[in-house]
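Structural overview for review
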2 protein chains.
Amino acid sequence: MPRDLSLIALDWGTSSLRAWRFDGSSTPGEKREFPWGIMKLPNAGVDRDTAFRETLNKVCADWLTASPPCPVIACGMVGSAQGWREAPYAPCPVSLPQLASQLLQIDLGKQRMLNIIPGVVKNGNMPEVMRGEETQIFGALAANKVLQQANEAGEPILIGLPGTHSKWAIVHRNMLSHFHTFMTGELFDALIHHTILGASMVPAEEPQWPAFLEGLEVARSRHSAGLLSTIFSTRTRFLTGQLPQTQQADYLSGLIIGHEMCGLGKLLLDAARPDMPIALIGNDALCDRYQRAFNHYFSARPLHLIKYATENGLWQIAKVAGLFTTDTGKIFHAI
Amino acid sequence: MPRDLSLIALDWGTSSLRAWRFDGSSTPGEKREFPWGIMKLPNAGVDRDTAFRETLNKVCADWLTASPPCPVIACGMVGSAQGWREAPYAPCPVSLPQLASQLLQIDLGKQRMLNIIPGVVKNGNMPEVMRGEETQIFGALAANKVLQQANEAGEPILIGLPGTHSKWAIVHRNMLSHFHTFMTGELFDALIHHTILGASMVPAEEPQWPAFLEGLEVARSRHSAGLLSTIFSTRTRFLTGQLPQTQQADYLSGLIIGHEMCGLGKLLLDAARPDMPIALIGNDALCDRYQRAFNHYFSARPLHLIKYATENGLWQIAKVAGLFTTDTGKIFHAI
């Protein structure tokens, strides 16, 4: 049985749900994962509020009913218009204390409250939104000494979150000050599953790095002509015997990530200081891919790979929000 | 009953099949359309050769069995590796007589021959291929006096074929000398049907031109950052109340076609003479859209909209190949 529970933390996204139990320290005591994202709740057919309550109970009824009652915090799409209840976006620039002051509360009964962290919006002609990444970004800042030192010295930091919708964010003087979205992962999936480009692809047993690098190189030399004109080469190189079927996917991956790198250069990096600290948050395989792409385009810049950014961010925001008190305010999982 | 049959002409693509009967003159006497593209033959389960033969008989057994026997010509994906039989690509640059000399013949029996026009390949590091468009391009050249005069004067001509895979081709001194593919139509379809961008779209009763123009404008101002970073604004402008659901599709259409226009500029147009004749081949609605986009980006350039390019090209190639003789060598459908 859990003892001295201090926090239940949830990362509740579109397609999956992760839950951590913190008991007395900033290191989680247990982690659980489920395929029950907000678009995949296991109990369709009941009303939305009931569906979310029942799912939460399936995930951690034992944690929720333990004594004394402990707070629950969540980030991600659970706070979107399609989620449990909409937590209005906090406007960018935004600090961790500002996020912590805007939690949306849902009464779970029996003295338990769910606190949903708002997403962030960058207003303007080309608006940007995020939900969940803000928590990872502040978690990364708290977890990594190099990033902390740069931030405290007043230097901007670039944090990349590759994925379905890749985000690249600038943190400056404790504020998430600026970010851009690239639909890289979702576009790649749509291309390989729903266009002619995927028709002849054969899975490879391991990443085909030469093909990936070739894709990066083509994107660099052809970026001004644009992705619409480069991606068809995935097929024509196959048709002309230049690209084996097992290498098509990694060639296309290199092309698409290469175009993202070119865009990142234009939007953020070309004008930045060469020594700006840069961090990556994401799964190992994807970060490896982005690290290689980054090295190919911006060779002099080392990247910091950040682990445990999500649970770290959830803990930090809950603490600053005063959801619990603790003597052990130390940073954990420092790398 | 048909009389004096001189040619049966087929445009047999991936998703549809069009057939024309020419009887004695260069103006088709009858046209038939079917949804029986090479990937949608009506008689799955039989072997490939039988499936194509049976489909052709369903389409025009009456034409095929008429006396005297007449030649059959076809263009499009019917000559691809997934088609009836593969007609090897003709290398670019290529002329109409060169295409006409490389027809792939299939014996239909009873003194009837099917002649498949080869596609065209542009070899090199970034290969390009087409199947069917080569026939439309030479058909357009034969059908339009302005294009003919420019060609005879030794001036290059640009011909655009918007669609699933948009092609932009240069014809110079009777040769198809150069072309590029943009996966515009297929990418648009994949985005609206298989990504988050389509999730909130509501069909409009008519084209939303202001939203389309706004998409064109965003693509122009943000092309160097790339399509991956602009398309998400289709969603964020909706989320921030700047883009109604009924306008999302046309905004995205403007964005994507705008990126194609920027790429076209970089690849072909920026270095071309401002008075180069430019023609468009395609359905009316799509050509209208491209005409507006073109005017927005390259305002001084008038476009020639070409009708009946496919049937005209099939007739021209059959004639030059000597599949039939005719006294009426006049160009038809001239516009």
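Under the annotation held in an unreviewed UniProt entry, chain A carries the name 2-dehydro-3-deoxygalactonokinase and is attributed to Buttiauxella warmboldiae.

1. Comments concerning the interface of chain A and chain B
Residue-level contacts link 52 residues of chain A with 52 residues of chain B. Summing the contributions of chain A and of chain B, the shared interface buries around 4,000 Å²; its carbon and sulfur component is 69%. In terms of surface lost to chain B, no three residues of chain A exceed M126, M183 and L228 of chain A, which account for 20% of the buried area on that side. Taken together, the connections running from chain A to chain B amount to zero salt bridges. Secondary structure elements with two or more residues in the side of chain A that touches chain B: β10 (128-130), β13 (175-182), α5 (184-194), α6 (209-222), α7 (227-230), α8 (233-239) and α9 (248-269) of chain A. Of the residues forming the side of chain A that touches chain B, the biggest block, seven residues, is contributed by α9 of chain A. Of the residues contributing to the side of chain A that touches chain B, the split by class is 22 nonpolar, 21 polar and nine charged.

2. Quick word on the packing of helix α3 (residues 133-143) of chain B against helix α11 (residues 309-320) of chain B
All names here are of chain B. Where α3 contacts α11, the two axes come as close as 7 Å, and the packing angle between them is 90°. In terms of axis orientation, α3 runs roughly perpendicular to α11. The residues of α11 that touch α3, namely those facing T135, Q136, G139, A140, A142 and A143, are A309, T310, N312, G313, L314, Q316 and I317. Considering only residue class, the contact of α3 with α11 consists of six nonpolar, seven polar and no charged.

3. A word on the pairing of strand β14 (residues 278-281) of chain B
Residues and elements named next belong to chain B. Side chains of β14 alternate between two faces, with I278 and L280 and A279 and I281 buried alike. Relative to β14, strand β11 (residues 157-161) runs parallel, the two being bridged by three bridges. By the bridge assignment, G160 is partnered in β14 with L280. When β14 meets strand β15 (residues 303-306), the two strands line up parallel, connected through four bridges.

4. Points about empty space enclosed by the protein
This model, assessed by the stated rule, comprises three cavities of 30 Å³ or more. Looking at the largest cavity, its volume works out to about 80 Å³. Lining the largest cavity are H223, G226, L227, L228 and H259 of chain A together with H223, A225, G226, L227, L228 and H259 of chain B. Contributions of two or more residues to the lining of the largest cavity are made by α7 of chain A together with α7 (227-230) of chain B. Each residue belonging to the lining of the largest cavity can be placed in one class, and the counts come to five nonpolar, six polar and no charged.

5. Side note on the layout of surface pockets
Estimated volume of the second largest pocket: approximately 1,500 Å³. For the second largest pocket, the lining is made up of 45 residues, of which G13, T14, M77, E133 and T164 of chain B are closest to its centre. Contributions of two or more residues to the lining of the second largest pocket are made by α8 of chain A together with β3 (28-34), β10 (128-130), α3 and α5 (184-194) of chain B. For the lining of the second largest pocket, the leading source of residues is α8 of chain A, giving three residues. Of the residues in the lining of the second largest pocket, the class split is 17 nonpolar, 16 polar and twelve charged.

Cut-offs and rules
- Residues numbered from 1 in each chain as written.
- Chains lettered and ligands numbered in written order.
- Predicted model: local features only at pLDDT ≥ 70, side-chain atom pairs only at ≥ 80, totals over all residues.
- Heavy atoms only, no water.
- Contact = heavy atoms within 4.5 Å.
- Buried area = accessible area lost by both parts, 1.4 Å probe.
- Salt bridge = Lys/Arg side-chain N within 4 Å of Asp/Glu carboxyl O.
- Helix = DSSP H or I, 4+ residues; strand = E, 2+ residues; numbered from the N terminus.
- Nonpolar A, V, L, I, M, F, W, Y, C, P; charged D, E, K, R; others polar.
- Axes fitted to C-alpha atoms, helices over the stretch in contact; angles between N-to-C directions.
- Parallel < 35°, antiparallel > 145°, perpendicular 65-115°, else oblique.
- Buried < 20%, exposed > 50% of the residue type's maximum accessible area, 1.4 Å probe, protein only.
- Pairing = 2+ DSSP bridges.
- 1 Å grid on protein atoms, 1.4 Å probe; cavity = no way out; pocket = protein on both sides within 12 Å on 5 of 7 lines; lining within 4 Å.
- Points joined across faces, edges and corners; volume = space filled by probe spheres on them.

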